[in-house]
Amino acid sequence: MAVCVYGVWMRIAHNSSISEPVEKRARLVATAINSTIRYSTATTVPVQKKKKMAKLTEQERAEQLQPLLDAGWSMVNGRDAIYREYIFQDFNQSFRFMTGVALLAEKMNHHPEWFNVYNKLQVTMSTHDVGGLSAKDIRMAKYMEEEFKRYA
Ligand SMILES: C[C@H](O)[C@H](O)[C@H]1CNC2=NC(N)=NC(=O)C2=N1
């Protein structure tokens, strides 16, 4: 980019006839520089700001959290967090389920608080960074509900 811009400037400076007063040629180059700078800044792509995680709003709780509570999740006493117990046929099934959740957790950088004994899995979801429930918790809990249907 810089090289071709320099080339443009030099072509303008060279093309303006040699007899032109130096001031005029300097003005031509200055105009070209300004327009290039304007062009180059105009073409910069705004940096996508990382979406700041926030606690669920009342409306999001009504629309997105309530279906999870209806499906078997419950609010944790004294915390803005949700809890669910899953029972599987055996340890192998529960660990397979946990493996899928763990892969999503790593992809999302969002991790469950969980405890597993043999075929029973206890899961608590909350977002430590915001001190309560966020969209990430909803997404992970919905994933778990969908996955669990495969173990019915
Ligand atoms: C440093 C690291 O990115 C943060 O601690 C991530 C990791 N996993 C997380 N998991 C959960 N449940 N909540 C968080 O706030 C969180 N933050």
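For the structure, check the block above.
Residues numbered from 1 in each chain as written. Predicted model: local features only at pLDDT ≥ 70, side-chain atom pairs only at ≥ 80, totals over all residues. Heavy atoms only, no water.

A. Here's a closer look at the pairing of strand β3 (residues 113-117). As defined by bridge partners, β3 adjoins strand β4 (residues 120-125) across five bridges and the pair is classed as antiparallel. Paired with Trp 114 across the two strands is Val 123, which belongs to β4. Hairpin geometry of β3 and β4 is characterised by an intervening segment of two residues between the two adjacent antiparallel strands and by a positive phi of about 55° at Tyr 118. (Pairing = 2+ DSSP bridges. Helix = DSSP H or I, 4+ residues; strand = E, 2+ residues; numbered from the N terminus.)

B. Expanded view of the packing of aromatic side chains. For the structure shown, the criterion picks out 10 aromatic pairs. Ring geometry for Tyr 86 versus Phe 148: centroids 4.8 Å apart, planes at 55°, classification tilted. Placement of Tyr 86 in strand β2 (residues 82-87) and of Phe 148 in helix α5 (residues 135-148) is noted, with a sequence separation of 62 residues between them. Of the aromatic side chains, those joined through ring pairs into one cluster are Trp 73, Tyr 86, Phe 88, Phe 97, Phe 148 and Tyr 151. (Phe/Tyr/Trp six-rings, centres within 6.5 Å; stacked < 30°, edge-to-face > 60°.)

C. Seen up close, the packing of helix α4 (residues 91-108) against α5. Two elements in contact, α4 and α5, have axes whose closest approach is 11 Å; the angle formed by their N-to-C orientations is 155°. The angle between α4 and α5 falls in the class roughly antiparallel. Seen along the crossing, α4 lies across α5 with a hand that is right-handed. Counted together, Phe 97, Gly 100, Val 101, Leu 104, Ala 105 and Met 108 of α4 and Lys 136, Arg 139, Met 140, Tyr 143, Met 144, Glu 147 and Phe 148 of α5 form the full contact between these two elements. The residue inventory of the contact of α4 with α5, partitioned by class, reads nine nonpolar, one polar and three charged. (Axes fitted to C-alpha atoms, helices over the stretch in contact; angles between N-to-C directions. Parallel < 35°, antiparallel > 145°, perpendicular 65-115°, else oblique. Left-handed = near helix turned anticlockwise from the far one by under 90°. Contact = heavy atoms within 4.5 Å. Nonpolar A, V, L, I, M, F, W, Y, C, P; charged D, E, K, R; others polar.)

D. Seen up close, the side chain of Arg 61. Within the secondary structure, Arg 61 sits in helix α3 (residues 58-71). Given a relative accessible area of 16%, Arg 61 falls into the buried group. A distance of 3.1 Å separates the side chain of Arg 61 from the backbone oxygen of Leu 56, its partner in a polar contact. Beyond its immediate stretch of four places on either side in the chain, Arg 61 contacts Lys 55, Leu 56, Gln 66, Asp 80 and Leu 133. (Buried < 20%, exposed > 50% of the residue type's maximum accessible area, 1.4 Å probe, protein only. Polar contact = N/O pair within 3.5 Å; in protein donor to acceptor, adjacent residues only side chain to side chain.)

Bear in mind that shape data such as this cannot, by itself, settle questions of function.
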